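Here are the chains, one letter per residue:
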Amino acid sequence: MPSEQMKSIFHRKTEQALSLGYTEPKGTLYLRETICNHLKTKGIEVTPPSVLIVSGGLQALQLISLGLLHKGSTIFHETPSYLTSVNVFQSAGMNLFDIPMDNEGVKTDLLGRLKRQHNGTLFYTIPSFHNPTGILMSNNRRKQLLDVCSKERLPILEDDVYGDLWFEQPIPKPLKAQDKQGLVLYMGSMSKTLSPGLRIGWLVGPEPVIDRLSDIKMQTDYGSSSLAQFAVAEWLASGLYDKHIIHIRKELKDRRDLTLHILDKYFSEVATWNNPEGGFYIWLKLNVKGSMDKLFKKALKEGILLNPGNIYDRNDSSHIRISYSYATPKQLEKGLIKLAQLIKENRD
Ligand SMILES: Cc1ncc(COP(=O)(O)O)c(C=O)c1O
């Protein structure tokens, strides 16, 4: 995380005014304009009235559950999913419904029938570098998903918080870039690229929806921090963000390569895994039997915090999410070698 550069942001000569009052309900106009320019590079053409600045992607989920959905609504989502690891929709009385994935993303063949059978209200998806599997939805699958959802009138919530983090080649355009009917609500965030502590994200959608959600946001917190909005706008408008992202991609790719190398060396007897093209995660599948609960406790004793699959899919007992973004390369190596040993000792 770029702490020193963040400090220097506040000393730059800039055109941007730093207002310390409450900001406009949807967020400062300057930041929303800057985000519209950023989204244009991904093929998303929107104007500031369709953009709401939120305090992180998580708040976008909260606002949607408060402002758009009724108690008892059914949210469809990929399984496994980040969504089951946070309590927003469940605590607001929504039902979550699992839709399986393959290595091209969510499976769309049964989606229409399931929507009609279970009265789905919203489809939540993380098409790019999915949390927890790291899967990148193919362009074909994106088209199929949009087709089915538009036929079935099933709105989509596209969570694109990892979309900037591709390693070797640019990825297919977001669903929102191909949305002709206002079917897609799109969310992004600075948490995975710049800093989670900034608490700045954005939600993009049809203007009446954004108006309604911005009212609720106003009643909730009077708007996101004007300092944090100033900083993000400055990162984006100055071009520093684009430079930073090149550096982050390289750093993450090196860590992915290191992780794959360690997995090859120490895990091939006990597990299989995917090779992510971006993002933070490798979805490790254990091929040996043994209690995940016991493994979790043993790892914790060694100072390793595991993210077992049942956080993301309650029926999963064979996966572990490996994140190569946070620990240093040394810690990664030490932790993974120890984990391989623990898995072997934990075998039934
Ligand atoms: C897919 C996904 N969406 C949203 C979030 C929330 O991010 P934020 O810090 O912007 O609230 C996360 C954080 O882990 C995430 O993985």
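Below is a short write-up of the structure.

Rules and cut-offs
Residues numbered from 1 in each chain as written. Predicted model: local features only at pLDDT ≥ 70, side-chain atom pairs only at ≥ 80, totals over all residues. Heavy atoms only, no water. Pairing = 2+ DSSP bridges. Helix = DSSP H or I, 4+ residues; strand = E, 2+ residues; numbered from the N terminus. Buried < 20%, exposed > 50% of the residue type's maximum accessible area, 1.4 Å probe, protein only. Patch = residues over 30% accessible without salt bridge, like charges linked within 9 Å, V, L, I, M, F, W, Y side chains within 5 Å. Areas by Shrake-Rupley, 256 points an atom, 1.4 Å probe, with all protein chains shown as cover. Salt bridge = Lys/Arg side-chain N within 4 Å of Asp/Glu carboxyl O. Axes fitted to C-alpha atoms, helices over the stretch in contact; angles between N-to-C directions. Parallel < 35°, antiparallel > 145°, perpendicular 65-115°, else oblique. Contact = heavy atoms within 4.5 Å. Phe/Tyr/Trp six-rings, centres within 6.5 Å; stacked < 30°, edge-to-face > 60°.

### Observations regarding the sheet that holds strand β8 (residues 201-204)
Within a sheet, adjacent strands bond to each other through the backbone by hydrogen bonds, running parallel or antiparallel.
Working step 1: Here we have eight strands laid out as an open sheet, ordered β1-β8-β7-β6-β5-β2-β3-β4, and mixed in their pairing. What marks the edges here is a single partner per strand, and that holds for β1 (51-54) and β4 (105-106).
Working step 2: With two bridges connecting them, strand β3 (residues 95-102) and β4 associate as antiparallel partners. The residue bridging Asp 102 from the neighbouring strand is Gly 105, located in β4.

### Focus on the environment of Glu 152
Working step 1: Inspection of the secondary structure assignment puts Glu 152 in the loop between α6 (139-151) and β6 (156-159).
Working step 2: Judged by its relative accessible area of 17%, Glu 152 falls in the buried class.
Working step 3: Between the C-alpha atoms of Glu 152 and Gly 120, which are 32 residues apart in sequence, the distance is 9.7 Å.

### Some words on unusual backbone geometry
Working step 1: Each neighbour pair has its own omega, and for Thr 79 with Pro 80 the value is 0 degrees, a cis peptide bond.
Working step 2: Mapped onto the elements, Pro 80 comes out in the loop between β2 (74-79) and α4 (88-91).
Working step 3: That bond from Asn 131 to Pro 132 is cis: its omega, 20 degrees, falls within 30 degrees of zero.
Working step 4: Its location among the elements puts Pro 132 in the loop between β5 (120-125) and α6.

### Considering a nonpolar patch on the surface
Working step 1: A cluster of nonpolar side chains, contributed by Phe 10, Leu 18, Leu 20 and Leu 227, occupies part of the molecular surface with about 390 Å² of accessible area.
Working step 2: Its place among the elements puts Phe 10 in the loop between α1 (3-9) and α2 (29-40).
Working step 3: Judged by its relative accessible area of 38%, Phe 10 falls in the partly exposed class.

### Digging into the packing of helix α3 (residues 57-67) against helix α7 (residues 207-221)
The axes of two packed helices give the description: the angle between them and the distance between them.
Working step 1: Following both chains from N to C, one finds α3 and α7 inclined at 110 degrees, their axes separated by 10 Å at the closest point. With respect to each other, α3 and α7 are oriented roughly perpendicular. Every residue of α7 that contacts α3 at Gln 59, Leu 63, Ile 64, Leu 66 and Gly 67 is listed here: Arg 212, Leu 213, Ile 216, Lys 217, Thr 220 and Asp 221.

### Considering the packing of aromatic side chains
Working step 1: On inspection of all chains with the given rule, the structure shows seven aromatic pairs.
Working step 2: Counting every residue linked through ring pairs, the aromatic cluster contains Tyr 162, Phe 280 and Tyr 281.

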